[in-house]
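Examining the three-dimensional arrangement
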Amino acid sequence: MDTKQLIKRAKKGNKEALVKLIMAQEKEYYKLAYVYMKNKDDALDALEDMILVLYENIGKLRNEDKFYSWSKTILVNRCKKMLKDRSKVVLIDGLSSESYEGNLYRKEDQILLDKHMSKLSEKHQEVLKLRYFLDLEYNTISEMLKVPLGTVKSRISIGLNKLKESLGGEGYERS
Amino acid sequence: MKEVENILKNRKKEMDNIEVPNDLEDRLLRALRHKKVIKKKRANWKVRVAALLIIFLLVGYNFDTLAYYGKKLIGYDTVMNGTLRELNELEKGQIIGKKYTFDNGIILTLDGIMIDENQMLAFYSLEDPSGKIDVTDMTMSQNNFKGLIETYDNSGGKGKSSEDGTEIKWISSFEPPRFFERNLSFRFNLIGEDISELGEISFKIDRDKAMGYSIKKTINKKVEIEGKNILFKSITASPTTTVIKGSIDDIISLAIDEIKGERYRANQLNFDLIANGKVIDNQGSGMSTNLKGITFHKEFDTLPTDLESLKIKFKSLSVVEDVGKKVSLKKGKDNGNIEILGETISIDDVYEKNGETFISLTTEEDTILTIVYLLADGKKVKIEETLSDDYEKKDMGSILHNRTFRFKGTGNELKLYIEKMTYTKESDKEINIPID
């Protein structure tokens, strides 16, 4: 069955059809969720969230060619919402704990990358992850995040510069 | 710029290797199938987010503490009628038993509270008497107790629902009300399909029923480990939990370290609380860095009633410290040992292969070179990967950690630049807490 037919069925409330549509690009969806949520369990939760929203709203999707970008936008928004709600919870606890993960299994430069990435603003981190971790095209990112193409490009270039500054800025000449 | 892009692209390889969990399809179908049951009610993502919030509260912050409540809750079983009443008979809690009925028929019951020095526990339930509404789908992210001026927020809890989901019982922990509070109002925001209603139950606090505390003591004793002063400030033992608070160094010494470039962050602090010679179960801990310096608190199970002796036995402190040291390396196996922050790092081998430089080294188990570079003829090279991570058990119980760093490129003059290091210092110092 082709995508169009599946979408038609999903629009009529066929759950299997909707799941099939997602499973046809399971890796893309999973990686996208993973880039935001950073672990398997939360990524799966975000995907579950997404499918519920898709199921409720697929009737509103007019342009069926846009199913994949539409659903991925929803996934990104679900992930961001989950992360935001989570940060609120931490604030309620009033715990400003700062800890370093002494992760033995991670390569040390990847730890470094995480650390420096986290210094960037959310919107810069986001485009860099989508562009480089997932290898998405500029216009795909623009469509997914609903921001103009020019903005995506400038965020990536600013993000890269800041990251470079940050990585190089903690110089080895300090001692 | 290229280099930064390359580091980023390395992560792509990692991402490409990610395997999609086998149960993804199942989970999606299950999520949708569950939807069928509740479709009319349009239980939406809010519910899921709320569930997540609760899970996060449970798992993320208070895991150990909650495991404790969980244990107790199962022990309490139907906590609302049995044990709480029993505890109440023992004058250890206040039965409230007040209800609030929401517009959709759901009934909120505040069965009782327990107040002690460390926390206020609330026992409450949500129920749909018609047996139709799945109350576990209701968002209840916001519930708190409102006093005269202050609001006491929920800091975690655990609920147990009936099989059909039409009833859920909660035991949640809140900050204890201030001494001047006489009346409290339990405020509960119920959000679901077609409903967003604030339910309120007011009651008078019966201070006679408050459990007070068995011990609240100032400790104010210092333990010095490798130049770091760990100050144990106080211990508060209540009938529901025991909390130890303290700090590591003060803001002035932190500032001095910062100026000297010897900045460090405490990573983990391990100590036991021993009462009558027995180790008390640890329930949770937290550490934060703020204007006051580094403060910590650690929660333990309750103290025995026949308390004879009490002491803190220190185990270890693990810190991440700025090093910023360059170590000259010779190719070959005779580099010997270097000493950094009192830790011995043995450089076992330095060699080139296929245009890359490899450095093998051995440290103690808990020592990690958190950030490290190779300086090859003055050029800073980041680490490519860590190979053959091995742990070697020595006699005497110590464990050595061998590994090899791989760097791209070679050079004649090699230096290892260690920027940050994580290490653990053990200690068996003890602090006796006098009981009187």
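Only a predicted model underlies this, so the values are computations on that prediction, with no experimental measurement involved. (Residues numbered from 1 in each chain as written. Chains lettered and ligands numbered in written order. Predicted model: local features only at pLDDT ≥ 70, side-chain atom pairs only at ≥ 80, totals over all residues.)

Side note on the overall build of chain A
- What chain A contains, in helices and strands, is nine helices and zero strands.
- Along chain A, helices and strands appear, N-terminal first, in the series α-α-α-α-α-α-α-α-α.
- Of all 175 residues assigned to chain A, the portion counted as buried reaches 35%.
- Restricting to contacts in chain A with at least 6 residues of sequence separation, those with at least 24 account for 64%. (Helix = DSSP H or I, 4+ residues; strand = E, 2+ residues; numbered from the N terminus. Buried ≥ 20, exposed ≤ 12 C-beta atoms within 10 Å, placed from the backbone. Contact = placed C-beta atoms within 7 Å.)

Observations concerning the overall build of chain B
- Helix and strand counts for chain B come out as six helices and 24 strands.
- With 436 residues in all, chain B has 33% of them scored as buried.
- In chain B, of all internal contacts separated by at least 6 residues, the share reaching a separation of at least 24 is 64%.

A few points about the confidence of the model for chain A
Residue and element names in this part refer to chain A.
- The predicted model of chain A has a mean per-residue pLDDT of 78, with 81% of residues at 70 or higher.
- Contacts of residues 89-106 to residues separated by more than four positions or lying in other chains number 31 contacts, the stretch itself having pLDDT below 50.
- Low confidence marks residues 170-175, where pLDDT is under 50. Its contacts with residues over four positions away, or in another chain, come to 10 contacts. (pLDDT = per-residue confidence, 0-100.)

Details of helix α8 (residues 138-145) of chain A
Residue and element names in this part refer to chain A.
- Residues of α8 that are buried include every one of Ile 141, Met 144 and Leu 145, and no others. Relative to the axis of α8, the buried residues are bounded by an arc of 85 degrees and lie together on one face.
- Where α8 terminates, the next one or two residues include Lys 146, which has phi positive at roughly 60 degrees. (Arc of directions from axis to C-beta.)

Digging into the environment of Asn 220 of chain B
- Here Asn 220 of chain B lies in strand β9 (residues 215-225).
- Sequence separation between Asn 220 of chain B and Lys 233 of chain B is 13 residues; the distance between their C-alpha atoms is 4.5 Å.

Points about unusual backbone geometry
- Even without being glycine, Lys 38 of chain A reaches a positive phi, approximately 70 degrees.
- The residue Lys 38 of chain A is located in the loop between α3 (26-37) and α4 (40-57) in this model.
- Judged by local crowding, Lys 38 of chain A falls into the exposed class, with 12 C-beta atoms found within 10 Å.
- The backbone of Asn 220 of chain B shows a phi angle near 50 degrees, a positive value even though the residue is not glycine.
- The class for Asn 220 of chain B is exposed, based on 10 C-beta atoms found within 10 Å.

Comments concerning the nonpolar core
- Residues Leu 18, Ala 33, Ala 46, Leu 47 and Ile 51 of chain A together with Val 372 of chain B are the most contacted members of the largest nonpolar core, which totals 96 residues.
- The element that contributes the greatest number of residues to this core is α4 of chain A, accounting for nine residues. (Core = buried A, V, L, I, M, F, W, Y, C linked by C-beta atoms within 7 Å.)

Some remarks on the packing of helix α2 (residues 15-23) of chain A against α4 of chain A
All names here are of chain A.
- Following both chains from N to C, one finds α2 and α4 inclined at 125 degrees, their axes separated by 11 Å at the closest point. One element, α2, and the other, α4, form an angle in the oblique class. α2 and α4 meet at a crossing whose hand is right-handed. Counted together, Lys 15, Leu 18 and Ile 22 of α2 and Ile 51, Leu 54 and Tyr 55 of α4 form the full contact between these two elements. (Axes fitted to C-alpha atoms, helices over the stretch in contact; angles between N-to-C directions. Parallel < 35°, antiparallel > 145°, perpendicular 65-115°, else oblique. Left-handed = near helix turned anticlockwise from the far one by under 90°.)

Here we look at the packing of α3 of chain A against α4 of chain A
All names here are of chain A.
- Orientation of α3 relative to α4, taken along the N-to-C sense of each, is 120 degrees, at an axis distance of 8 Å. Between α3 and α4, the angle is such that the two are oblique. Considering only the axes of α3 and α4, their crossing is right-handed. Here α3 contributes Tyr 29, Tyr 30, Ala 33, Tyr 34 and Met 37 to the contact with α4, which in turn contributes Asp 42, Ala 43, Ala 46 and Leu 47.
- Of the residues assigned to the contact of α3 with α4, the class counts are eight nonpolar, no polar and one charged. (Nonpolar A, V, L, I, M, F, W, Y, C, P; charged D, E, K, R; others polar.)

Some thoughts on the confidence of the model for chain B
Residue and element names in this part refer to chain B.
- Counting all residues, the mean pLDDT for chain B is 75, and 75% of those residues have values of 70 or more.
- In the model, residues 36-43 has pLDDT below 50 throughout and makes 10 contacts with residues more than four positions away in sequence or in other chains.
- Scored below 50 in pLDDT, residues 56-88 makes 52 contacts in the model with residues more than four places away or belonging to other chains.
- Overall fold confidence for the complex sits at a pTM of 0.42, while the interface term, ipTM, reaches 0.79.

Topic: the environment of Leu 120 of chain A
Residue and element names in this part refer to chain A.
- Mapped onto the secondary structure, Leu 120 falls in the loop between α6 (108-117) and α7 (122-133).
- With 42 residues separating them along the chain, Leu 120 and Lys 162 place their C-alpha atoms 7.3 Å apart.
- Sequence-distant contacts of Leu 120, defined by excluding residues within four places in its chain, comprise Gln 125, Gly 159, Lys 162 and Leu 163.

So, the environment of Tyr 124 of chain B
Residue and element names in this part refer to chain B.
- Along the chain, Tyr 124 turns up in strand β3 (residues 120-127).
- Residues Tyr 124 and Lys 98, 26 residues apart in the sequence, show an inter-C-alpha distance of 9.6 Å.
- The contact partners of Tyr 124, leaving out residues within four places of it in the chain, are Leu 108, Thr 109, Leu 110, Asp 111 and Trp 170.

Focus: the pairing of strand β7 (residues 183-192) of chain B
All names here are of chain B.
- One ladder, built from four bridges, connects strand β4 (residues 143-146) with β7; its direction is antiparallel. When the sheet's bridge partners are listed, Phe 145 is paired in β7 with Phe 186.
- Taken together, the 10 bridges between β7 and strand β8 (residues 195-204) define a ladder with antiparallel strand orientation. The partner of Asn 189 across the bridge, within β8, is Leu 198. (Pairing = 2+ DSSP bridges.)

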